[in-house]
Amino acid sequence: MKKIIIYIFIIVACGYAVREIIYGGLRENKFGIFDKYNTIFLKSNNYETLIIGSSRAESHFNCRIIDSVLNTNSYNIGIQGSSLPFSLDVFSAYLENSKFPRNIIFNIDYHINACDNDTVFMYPRYFPYLSNKTLFKALEKRDKRFLGFRYFPYYSLAFMGDNYFSAAMRGFFNMPGQYDKDYYKGSAPIRDVKWKYKLYYACDEAVMYDRIDSVAAICKRHNANLFLVLSPIYSKASGQILNGSSLIQKLKEKAISNNVVLLDYNSDSLCNDSTLFADPYHMNEKGANLFTKKFSEDLRAIWKK
Amino acid sequence: MLFNSLPFLVFLPIVFLFYWLLNDKYRWILLLAASYYFYSGWGLWYVLLLASTTIIDYFIALQIEKAGSKQRKKLFLIISLSCNLLVLLGFKYFTFLFNSGAFLMQHFDNNEVHYLAQIVIPVGLSFYTFQSIAYTIDVYRGEVIPEKNIARFALFVSFFPQLVAGPVERFNNLMPQLKKKTNFEFEMLLPAIRIAVWGFFKKMVIADRLAEIVDPIFKNIHLYSGSTLLFAGFLFAVQVYCDFSGYTDIATGVAKLFGIQLSLNWRRPLLSSSLIEFWKRNHISITSWFRNYLYIPLGGNKVSYGRWLFNIFLVFLISGLWHGASWTFVLWGAMHGVLYCIELVFNKKFPNLKWRFGLGHVYLLLFHTVSIIAFRAASSVDLFVIYHKIISSFNIELLGKEVFSLSDTFSILFSLGMILFLFMKELQEETSFIRIPTVRYSNYFRPAFYICLFIGIFLFGNFNSNQFIYFRF
């Protein structure tokens, strides 16, 4: 009996120790996705311009170009697979340790067809950051298992796999992974190539517009500038969104009512060139650089006014 | 319910706790209920099938015992065998036989024929059917006194740790243990947990990770060179071994928690130096089943030399078919049958000849690798494409490039490292080549080793894995 109690104690202790070693390694990462998450959820930042959104925000807005054209200090907190509400929750989690930015560039995915897809993509990535209370609350709201992930080490380890182990080791040894060097201040080009088209109606629920209202209100309270952006979608794909033009119209009205700028690039010539896209909704590196340049110049013109 | 699933993780401690809390008289009832609940996880219809096999064999065994003449006994035995084999035939072999017939018809008539889609085979059908058949044959032979209590007999057929993938237990081994009064002792826990942890490690860390390399290669055989296909065959051999022996280890560990010792099913078969030795170590419970209930009734070795060899070949052919209703499995059985007979002839002609410098091990591993590809190939056509590629486009330079293109380097190297780890562990068990002081081993090294394995399961195990390979059989 005594032996068994000792073994149970050792196993539990080892579970916590191993988990802390892995989390420690991930938090040590100076490159790639974990460096980005460390910045968003753990570090204390003072970026002047912040880019918010999903993977489209992450891949379409190159901070290197934005910084040089606009002479600002920007960071991209676009999160892969994130819904509009989750993007905003990530922004709130960012604010737990960081100062409110002066400019917020909010890339809106109006093309999403399912209103209820507010789930967490690649959720084990967030495990090392559950000490960020805002993030934990946002994750637990979407997935009750996060309570278990936070407090039971073997439960969270079971969902992580060896990719996280090797990323942690890379963190300790300061070695970048295969795609880690793609990241620059949170922005990274997309590499997946999946071309699929289908006719559909995009999500058109009041709650989506209400979120824009609340962000606009928060920005106003902090005296920050909010810029809503509809970054390019390949023209053939945007043509498949049956209610696309009415959605854009509603977003424009929403921008006017909140007295914020909306920059719509969905009828831009960039949208017609398939060589600038990795898939119908994500521009490739070349396309993203062209778009960022164009967007930065447009923004510069607005700032001058 | 899978062993490597969350529901089982809840189910097992509950059953374990109540089992030892209950009065000795009622424990077997709890085990019976738990076994049926465990099996119902795959579908209620399957439970009905299991129950009907149990009922038929229970009553027939009683009739066999009561029957006055040998002829009547034989008649009841034939009824039992027919019922059991009909169920197997209906679920497992009907589609195979129908489609094979249709294929032949198409070639003779040139008419378009329709093939049937494979019927879903109830999980563990072959295992519990074989266990039940063995019981009725043993009763017929007078080796077993039939069980009078139908519920106790139902527990023998359905005992959950070994129900779906064996070991196929003999009545004389399992039933006395199910009836025996046992007291709980903490000392029995640790060996049970150790063996189960090693089983989980083999399944989730070795087998399931190897599957991630093997599956894409066998799904796209046209994209890979012969050398890669052969290497995938080797990985698959290790995968199957770890998958199945892992299941047996978990089953043995779980059964030990209830004070029951299951039969030995695997004795490091990949370390064999000949096919004859391999079959003494590989899937022992089913091999002994075929020996006792097929090979010996065919005449065993008490027939002419030629007939003896033919009987052996036939047993392998049927064993192949038992593993799967497909011509690829028949071919696998035939390959093993032929080589087994060749080894027997060779051993008779040159009784003193022995393999040297580990050549026997290399020969066995190579043959096992080549033959097990038949186990994995999606169809006979695919199998011949693979064999043709191994012969015609064997390019060792492409091997590394093709294998490392499947996943990230760490993952591939880790999986290959795990094969080396498995080999070292089995070699240690076989030869004790590392001498460790007994006291220090049992006090420190062994607990540390199993704690590392436990953590390793969570760190490197595949928790999104598929079912155990042998469930299909």
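Per-chain numbering applies: the sequence of each chain, read as written, is numbered from 1 onward. Here the convention is simple: chains get letters from A, ligands get numbers from 1, in the order in which they are written. Whole-chain, interface and lining totals are the exception, using all residues; otherwise, since this is a predicted model, local features are given only for residues with pLDDT of at least 70 and side-chain atom pairs are given and counted only at 80 or more. Derived side-chain values reflect all non-hydrogen atoms in the structure, with water molecules and hydrogen atoms excluded from consideration.

Draft legend 1. Structural view of the domain arrangement of chain B. Residues and elements named next belong to chain B. Per the domain assignment, the segments making up chain B are domain 1 (6-184) and domain 2 (188-273 + 355-472). Here the bounds of each domain stem from an automatic or database domain assignment. A C-alpha centroid distance of 29 Å is found between domain 1 and domain 2. Contacts were defined at the residue level, with two residues in contact if any of their heavy atoms lie within 4.5 Å. Each side of the interface is counted separately: domain 1 has 27 residues, and domain 2 has 20 residues. Buried area is understood as the total, over both parts, of accessible area removed when two parts are fitted together, assessed with a 1.4 Å probe. A combined buried area of about 2000 Å² lies between domain 1 and domain 2, and 70% of that area is made up of carbon and sulfur atoms. For this document, the term salt bridge refers to a Lys or Arg side-chain nitrogen within 4 Å of an Asp or Glu carboxyl oxygen. Our enumeration of links across domain 1 and domain 2 arrives at zero salt bridges. Those elements that provide at least two residues to the side of domain 1 that touches domain 2 are helix 1 (6-21), helix 7 (160-163) and helix 8 (171-179). The classification used treats Ala, Val, Leu, Ile, Met, Phe, Trp, Tyr, Cys and Pro as nonpolar, Asp, Glu, Lys and Arg as charged, and all other residues, Gly among them, as polar. Grouping the constituent residues of the side of domain 1 that touches domain 2 by class yields 20 nonpolar, six polar and one charged. Put simply, DSSP marks the helices as runs of H or I at least four residues long and the strands as runs of E at least two long, and each gets a number from the N terminus on.

Draft legend 2. Just the interface of chain A and chain B, in detail. In this complex, chain A contributes 17 residues to the contact, which on the side of chain B involves 15 residues. The contact between chain A and chain B buries some 1700 Å² in all, and 78% of this surface belongs to carbon and sulfur atoms. If you sort the residues of chain A by the area they bury against chain B, A:Tyr7, A:Tyr154 and A:Asp162 come out on top, with a joint share of 30%. Remark: the boundary between chain A and chain B carries one salt bridge. Linking B:Arg209 and A:Asp162 is a salt bridge whose minimum nitrogen-to-oxygen distance equals 2.9 Å. Listed by contribution, the elements that provide at least two residues to the side of chain A that touches chain B are helix 1 (2-27), helix 8 (153-160) and helix 9 (162-173) of chain A. Top contributing element to the side of chain A that touches chain B by residue count: helix 1 of chain A, with eight residues.

Draft legend 3. Examining the sheet that holds strand 2 (residues 74-76) of chain A more closely. All names here are of chain A. A pair of strands is labelled paired if DSSP reports no fewer than 2 bridges between them. The sheet built from five strands is open, its strands ordered 2-1-3-4-5 with parallel pairing. The sheet is open, and its two borders are formed by strand 2 and strand 5 (261-264), each paired with just one other strand. Pairwise comparison of adjacent strand axes, ignoring direction, gives a mean angle of 20° for this sheet. Of the pairings in the sheet, the one linking strand 1 (residues 49-52) to strand 2 comprises three bridges and is parallel in character. The partner of Ile-51 across the bridge, within strand 2, is Asn-76. Convention adopted: a line fitted to C-alpha atoms gives each axis, helices being fitted over their contacting stretch, and angles between N-to-C directions are expressed from 0 to 180 degrees. Set on the sheet, helix 5 (residues 84-95) makes contact with strand 1 and strand 3 (103-107); between it and strand 1 the angle comes to about 150°.

Draft legend 4. Representation of the state of the cysteines in the model. Cysteine sulfur atoms that pair up within 2.5 Å are treated as a disulfide. Tallying each qualifying case throughout the model produces zero disulfides over all chains. Free cysteine: A:Cys14, not disulfide-bonded; nearest cysteine sulfur from B:Cys452 at 7.4 Å. With no disulfide of its own, B:Cys242 lies closest to B:Cys452 among cysteine sulfurs, the gap being 19 Å.

Draft legend 5. Representation of a nonpolar patch on the surface. Residues B:Leu6, B:Leu9, B:Val10, B:Ile14, B:Leu17, B:Phe18 and B:Leu21 make up a contiguous nonpolar surface patch of roughly 730 Å² in combined accessible area. Among the structural elements, B:Leu17 can be located in helix 1. Surface patches are defined over residues having more than 30% relative accessible area and no salt bridge, joining like charges when they lie within 9 Å and nonpolar side chains (Val, Leu, Ile, Met, Phe, Trp, Tyr) when within 5 Å. Here the open area of atoms and residues is found with the Shrake-Rupley method and a 1.4 Å probe, where only the protein chains shown may cover a residue.

Draft legend 6. Broad picture of the environment of B:Tyr363. Residues and elements named next belong to chain B. With respect to the helices, strands and loops of the structure, Tyr-363 is situated in helix 15 (residues 359-376). As a C-alpha pair, Tyr-363 and Ser-274 span 89 residues in sequence and 7.5 Å in three-dimensional space. Discounting chain neighbours no more than four positions away, the residues touching Tyr-363 are Ser-273, Ser-274, Leu-275, Leu-339, Glu-343 and Trp-355. Pairs of N or O atoms within 3.5 Å make up the polar contacts considered here, provided that, within protein, one atom can donate a hydrogen while the other can accept it, and that residues adjacent in sequence are counted only when both atoms are side-chain atoms. At 2.2 Å, the side chain of Tyr-363 and the side chain of Glu-343 are in polar contact.

Draft legend 7. Fine view of the pairing of strand 4 (residues 225-230) of chain A. Residues and elements named next belong to chain A. Buried, partly exposed and exposed residues are distinguished by accessible area as a fraction of the type maximum, computed with a 1.4 Å probe on protein chains only: under 20%, between the cut-offs, and over 50%, respectively. Burial of strand 4 is extensive: five of the six residues sit out of reach of the surface. In terms of strand pairing, strand 3 meets strand 4 through five bridges, oriented parallel. What sits directly across from Asn-103, in strand 4, is Asn-225. Inspection of the sheet shows strand 4 paired to strand 5 by four bridges, in the parallel sense. What sits directly across from Phe-227, in strand 5, is Val-261.

Draft legend 8. Representation of the nonpolar core in the model. Grouped together as the largest cluster of nonpolar side chains are 221 residues, with contacts concentrated most on A:Ile22, A:Tyr126, B:Leu31, B:Tyr39, B:Phe160 and B:Phe258. Ranked by residue count, the leading element in this core is helix 10 (residues 226-257) of chain B, at 17 residues. Two domains share this core, each providing at least three of its residues, namely domain 1 (6-184) and domain 2 (188-273 + 355-472) of chain B. In this structure A:Ile22 touches A:Leu157, A:Met160, A:Tyr164, A:Phe165, A:Ala168 and B:Leu459, once residues within four positions along its chain are discounted. One finds A:Phe61, A:Ile105, A:Phe227 and A:Phe295 within the second-largest nonpolar core, a separate group that totals 20 residues. To qualify as a nonpolar core, a set must consist of buried Ala, Val, Leu, Ile, Met, Phe, Trp, Tyr and Cys residues joined through side-chain atoms within 4.5 Å.

Draft legend 9. View of the pattern of salt bridges. Taken as a whole and assessed by the stated rule, the structure comprises 30 salt bridges over all chains. For A:Arg19, the salt bridge identified is with A:Glu20, shortest N-O distance 4.0 Å. Look at A:Glu20 and you get partly exposed, because its relative accessible area is 40%. By sharing partners, the salt bridges in this structure join B:Arg268, B:Glu277, B:Arg281, B:Lys425, B:Glu429 and B:Glu430 into a single network.

Draft legend 10. Fine view of the packing of helix 3 (residues 44-66) of chain B against helix 6 (residues 150-158) of chain B. Residues and elements named next belong to chain B. Where helix 3 contacts helix 6, the two axes come as close as 10 Å, and the packing angle between them is 125°. One finds that helix 3 runs oblique with respect to helix 6. In this structure, the crossing between helix 3 and helix 6 has a hand that is right-handed. On helix 6, the residues touching Leu-50, Thr-54, Ile-55, Asp-57, Tyr-58 and Phe-59 of helix 3 are Ile-150, Phe-153, Ala-154, Val-157 and Ser-158. Oblique is the label for any angle not under 35 degrees, not over 145, and not in the 65 to 115 range, which are roughly parallel, roughly antiparallel and roughly perpendicular in turn. We call a crossing left-handed when the near helix sits turned anticlockwise from the far one by less than a right angle, and right-handed when that turn is clockwise.

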